[in-house]
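Observations on the three-dimensional arrangement
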Amino acid sequence: MMNTVDETQTSAWSGFKKGQWQTEIDIRDFIEKNFVPYDGDESFLEGPTDATTTLNDKLTDLKMKQRKVGVLDADTKVVSTITSHGPGYLDKDLEKIVGLQTDKPLKRSLMPQGGIRMAVDALETNGYKIDPEVEYFYSKVQKTHNEGVFDAYDADIRHARHNKILTGLPDAYGRGRIVADFPRIALYGIDRLIAGKQEDLDLTGDGEMTSDVIEQREHISDQIKALKDMKEMAKSYGCDISKPATNAQEAIQWLYFGYLAAIKTQNGAAMSIGRIDTFVDIFIARDLERGVLNEKEAQELVDQFTMKLRMVFFMRTPEYNSLFTGDPIWATLSLAGTGLDGRHHVTKTAYRFLNTLHNMGAAPEPNITLLWSDNLPTPFKRYASSVSIESSTIQYENDDLMKRQWGTDYYGIACCVSAQPVDSGVQFFGARANLAKTVLYALNEGRDELTGQQVGPELKKMSSEYIDYDEFMGKLDKMMDWLADVYVNALNIIHYMHDKYYYESAQLALKNTKLDYTFATGLSGLSVAADSISAIKYGHVKAIRNEDGLTVGFKADKDYPRYGNNDDRADEIVVWLVKQMYQKMNTHHLYKDAQLSTSALTITSNVVYGKNTGATPNGRELGEPFAPGANPAYGADISGALASLLSVAKIPYKYATDGISNTFAVTPTTLGKVEDEQEDTLVNMIDGYMKNSGHHINVNVFKRETLIDAQKHPEQYPTLTIRVSGYCVYFADLTKEQQDDVISRTFHTSM
Amino acid sequence: MSTETKTRIRKTRKRNPRLRPLPMRDGQVEGYVHSIETFGAVDGPGIRFVAFMQGCNMRCKFCHNPDTWKKNVGDKMTSDEVLNQALSYKDFWGDKGGITLSGGEILLQIEFATELFTKCHKLGISTCLDTCGQPFTRREPWFSQFNKLLDVTDIVLLDIKHINSAEHRKLTGYPNENILDLARYLSDIGKPMWVRQVLIPTITDNPKFLTETSDFVKTLHNVEKFEVLPYHTMGVHKYAEMGVKYRLDGIEPPSDEHVARAQRLLHCADYQGYRDWQPGDSTLEKPVS
Ligand code: SF4
């Protein structure tokens, strides 16, 4: 088929600069040709409209009710699809951007395709009962992802999972972590996208029908059905998205319908919105120039769209919540960044998105991620810092580093911190393996230190009470080999089954047909493992064992270097661990020939991982939380904030392309005495971290006393938000244990 | 005043100031370092690497670092050692940050400071001297050495503990004439300075004294910033550890409002030069406000 520009397109696109984007589906090219960088400051920003404030009050009210009861309302019978629900509103007359997950605000949908047990349990623990027919159907008639996975798991994987050396695997819920190119709907309209996919379908399988070709054809057909469903769903809201959007309001609305289709069909661990700020800005700028929109109205559109991202919830089980607390869905929104041509991508709309935090108060979603580069204009850096100081809701990621690694400037953050090319990248999410436990397995002949079960390979006993470094390292190497095997095997099964039973047709309909996959793995307990190895190497450590010979405690005779002090002796161990695990896993066949990546990123699961791990040679007691992500172990970084940052920055991004998460807390007075000094300090701090190749940093600015008070009087801090590893959460929604964990973390202070 | 204090003051007044001979290693002067802060954001402009040096003559009642009082103890480091450690943090310094030498009283190790700052300036690193001014004198050979140091110092932070000399002596063990003279001298030569007034309820917060301080600072032409340092009790535990009696028991830190009142009396808001200060600036070229 020849792609020619038709009449509706001509009028929808009038005023835009021409380019390849007109004949090819190419959002990046459109942005590149049409966006205008903004170098000014925030003084143009407007406050919320009355409609926004009214809607926001309603939503806050509902959320506070929800906090009390857990879940406000839930479907027990209707299985969610793109078209399963009629239109729903918060307040139809006031909403500029429409569309809800179900037919009522905050009502949770039913998605049993990931696993029927999970769906049943999630309902039951929240006081609902699933419709027996649905349960029967997904237990006896239609297989789910979860069932498929467990049919294929071997004994080794089951053991590893049961003993929690592998935890949080997406084997009963959606793997998430796909950033769809939502702007495609707005720029081209659904019909043009269907035509493109039809063309791809026709070109797939011109020859032999091998299993991969057959699978591909089936998937493209599913994508086309999803696109058609999106049209139908939009129509129920009175919108015709078959054609391109003609103004800013439509552009935002059209792309939001794409996102809505995604969250109606997948309860993925992360449902990112991607990188839409420059795209949206082009439409807003055109409307402003045409005089059909003013700044107040532009802000209203951005506010109300953002409000929709704050309304997404999934039905979760208590086990899931203990790993990822506070109902996060990672509607990650990437802002700013720079282009390959060196121009920065700060637009007024990046400011408008940050301004939503003023206009509607702080909230955990969307997960605002600022793509930081040395080249961002100073006024923007300062404004972002001021928002961080005020609300602790922003995470910063190194744009220069990611652009170089991924070879594109059109990438978005999928999930918490992981980059992904928007048009052609897909990440297979793989949770994480527990490295601290791996150290203990090496010391316990492959037995789990808590259950005593033989989980890893059976090794010879350690020869003496004092741990010999070389002997230990030999065993650790074997244990890491085993861990790499069992972990990759589990993930290969999971992704095979996910594609088979829970394919993401809506999101993948909005990406290129030919995709590049990354195979994400993750490491938890990194700092605990590293300090433990350092203790064994430098500290002359004795193992204390129980009557079964399992380690229950350790004693170091000497002091030893710890990760987090910019001391190479300890920091090198962390780097070595990451690289070793990467290389070991990379010797394996990876599903769909994906590119291996790993991460040092834990979400809130550092608490649960710690709970399930015995005492470790670095002096950590049984059950004590791990440090989050790539952070140094609690209390280990004693050489000041910058030394700690530089230690983390040593982990090479090229192995951990899935993200190296650093969660940083500092008191406001440490940053400076007055506001503009505090902003300056934060800007310089982030600049310095990124120049040293630091990948990611969560910035929290508050006093420990505030948190202690908020724990005692949650009613006085209903929307106090904080950043934990990879996302943002209402402090009040954390469990008591997690709150204690956050309070006891290293706060960087100075006298 | 106890006789002991009297004698000490008389002694320092009478004797010509000596330059304390510092140990040498690798052809460099060694300094006694108490501790290092890699992320100093309130010790001069921008983010700074701060070396707190050991040794102080004064015995301020409110001092929260009594562990820095003793001389000739702590980590012995050459200027290269301090510099190299600092340099790993240079990416955090932006265009204003750099290295601060603080204490204790840094001017008791003036040769070390001069050597380190000279090296910093060769590398284009901004230097900041955080001093209480007590060792200052216009006598030789000290004065010449001090001028050498000032040549390689971009900015000075000077604490005013009390404007009234008698009160100053009660509070710190020393009179303040030479400290105010230091301020005057720095103003005369156009060396940018931040002045800090320590605010201790019932001791330095008397409006009369604060007004006097304000009047004095107004006559200086080099003040880029004027801050109030509210008294705090975070260092009190160190006294118990050292077996030294803490003499301000029962005095509470000032409230925010109290601090704001002092700031108004001192006209702190009038001193905004720090906003566009750049390393190497001299206040001589600037019009006097
Ligand atoms: S001058 Fe500074 S270090 Fe010396 S006693 Fe006074 S406060 Fe303490």
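Chain B goes by Pyruvate formate-lyase-activating enzyme in an unreviewed UniProt entry, where it is assigned to Ligilactobacillus pabuli. Check the Sequence similarities (unreviewed entry) section of the UniProt entry for chain B; it says "Belongs to the organic radical-activating enzymes family." UniProt, in the comment section headed Subcellular location (unreviewed entry), describes chain B in these words: "Cytoplasm".

Under an unreviewed UniProt entry, chain A has the name Formate acetyltransferase and belongs to Ligilactobacillus pabuli. In its Subunit (unreviewed entry) section, the UniProt record describing chain A reads: "Homodimer." Taken from UniProt, the Pathway (unreviewed entry) comment for chain A reads in full: "Fermentation; pyruvate fermentation; formate from pyruvate: step 1/1."

This part takes up unusual backbone geometry. Omega for the bond connecting Glu-365 of chain A with Pro-366 of chain A falls within 30 degrees of zero, at -10°, which places this linkage in the cis form. Going from Gly-103 of chain B to Gly-104 of chain B, the amide bond is cis rather than trans, its omega being 20°. Of note in this structure, Arg-177 of chain A is not a glycine but carries a positive phi near 60°. With respect to the helices and strands, Arg-177 of chain A occurs in the loop between strand 3 (166-167) and helix 8 (183-203).

This brings us to empty space enclosed by the protein. All names here are of chain A. By the definition in use, this model includes 7 cavities of 30 Å³ or more. Of the pockets and cavities examined, the second largest cavity occupies roughly 140 Å³. Ser-109, Met-111, Ala-119, Asn-267 and Met-315 are, among the 13 residues lining the second largest cavity, the residues nearest its centre. Where the lining of the second largest cavity is concerned, the elements lending two or more residues are strand 2 (107-110) and helix 4 (116-125). Ranked by residues supplied to the lining of the second largest cavity, first place goes to helix 4 with 4 residues. In terms of residue class, the lining of the second largest cavity is made up of 9 nonpolar, 3 polar and 1 charged.

With that settled, the discussion passes to the side chain of Asn-367 of chain A. Residues and elements named next belong to chain A. Residue placement: Asn-367 occurs in the loop between helix 14 (348-359) and strand 5 (368-372). The exposure class assigned to Asn-367 is buried, which follows from its relative accessible area of 1%. At 3.5 Å, the side chain of Asn-367 forms a polar contact with the side chain of Gln-395.

UniProt's entry tags residues 42-275 of chain B with the feature "domain: Radical SAM core" (unreviewed entry), counted in the numbering of this structure. Across residues 42-275 of chain B, the secondary structure splits into 35% helix and 18% strand, with the terminal C-alpha atoms separated by 14 Å.

Contacts between chain B and chain A engage 23 residues on the former and 28 residues on the latter. Summed over both partners, the interface of chain B with chain A buries about 2000 Å², with 60% contributed by carbon and sulfur atoms. When the buried area of chain B at its contact with chain A is split by residue, Phe-39, Asp-91 and Phe-92 of chain B rank highest and sum to 34% of it. One salt bridge in this structure joins Arg-275 of chain B and Asp-676 of chain A, with 2.3 Å as the shortest N-O distance. Between the two partners, chain B and chain A, sit 7 residue pairs in polar contact (both at pLDDT 80 or more). Elements supplying a minimum of two residues to the side of chain B that touches chain A: strand 2 (28-40), strand 8 (193-199) and strand 9 (223-230) of chain B. Class assignment for the residues of the side of chain B that touches chain A results in 11 nonpolar, 6 polar and 6 charged.

Residue and element names in this part refer to chain A. Taken in spatial order, the 3 strands of this open sheet run 9-11-15, and their pairing is parallel. Of all the strands in the sheet, the pair left with one neighbour each is strand 9 (425-428) and strand 15 (595-597). Geometrically, the sheet is characterised by an average inter-axis angle of 30° between neighbouring strands, direction not taken into account. As paired strands, strand 11 (residues 516-520) and strand 15 are joined by 3 bridges and run parallel to one another. Paired with Phe-519 across the two strands is Leu-596, which belongs to strand 15.

What follows concerns the pattern of salt bridges. In total, this model carries 59 salt bridges over all chains according to the counting rule given. Residue Asp-91 of chain A is joined to Lys-58 of chain A by a salt bridge in which the shortest nitrogen-to-oxygen separation is 2.9 Å. With a gap of 33 residues between them, Asp-91 of chain A in the loop between strand 1 (73-79) and strand 2 and Lys-58 of chain A in helix 3 (residues 50-69) connect regions that are remote in the sequence. One salt bridge in this structure joins Arg-196 of chain B and Glu-227 of chain B, with 3.7 Å as the shortest N-O distance. With Arg-196 of chain B in strand 8 and Glu-227 of chain B in strand 9, this residue pair connects regions lying 31 residues apart in the sequence. The two residues Arg-196 of chain B and Glu-227 of chain B agree in class, both being buried. Salt bridges sharing common partners tie together Lys-673 and Glu-677 of chain A together with Asp-130, Asp-159, Lys-161, Arg-196, Lys-225 and Glu-227 of chain B.

Residues and elements named next belong to chain B. Here helix 3 (residues 110-122) crosses helix 4 (residues 142-151) at 25°, and the two axes come no closer than 8 Å. Comparing their axes, helix 4 and helix 3 come out roughly parallel. Crossing of helix 3 against helix 4: the hand is left-handed. Taking contact as the criterion, the partners of Ile-110, Glu-111, Ala-113, Thr-114, Phe-117 and His-121 in helix 3 are, on helix 4, Trp-142, Gln-145, Phe-146, Lys-148, Leu-149 and Asp-151.

Rules used in this analysis
Residues numbered from 1 in each chain as written. Chains lettered and ligands numbered in written order. Predicted model: local features only at pLDDT ≥ 70, side-chain atom pairs only at ≥ 80, totals over all residues. Heavy atoms only, no water. UniProt positions renumbered as here; feature names shortened; annotations may be inferred. Helix = DSSP H or I, 4+ residues; strand = E, 2+ residues; numbered from the N terminus. 1 Å grid on protein atoms, 1.4 Å probe; cavity = no way out; pocket = protein on both sides within 12 Å on 5 of 7 lines; lining within 4 Å. Points joined across faces, edges and corners; volume = space filled by probe spheres on them. Nonpolar A, V, L, I, M, F, W, Y, C, P; charged D, E, K, R; others polar. Buried < 20%, exposed > 50% of the residue type's maximum accessible area, 1.4 Å probe, protein only. Polar contact = N/O pair within 3.5 Å; in protein donor to acceptor, adjacent residues only side chain to side chain. Contact = heavy atoms within 4.5 Å. Buried area = accessible area lost by both parts, 1.4 Å probe. Salt bridge = Lys/Arg side-chain N within 4 Å of Asp/Glu carboxyl O. Pairing = 2+ DSSP bridges. Axes fitted to C-alpha atoms, helices over the stretch in contact; angles between N-to-C directions. Parallel < 35°, antiparallel > 145°, perpendicular 65-115°, else oblique. Left-handed = near helix turned anticlockwise from the far one by under 90°.

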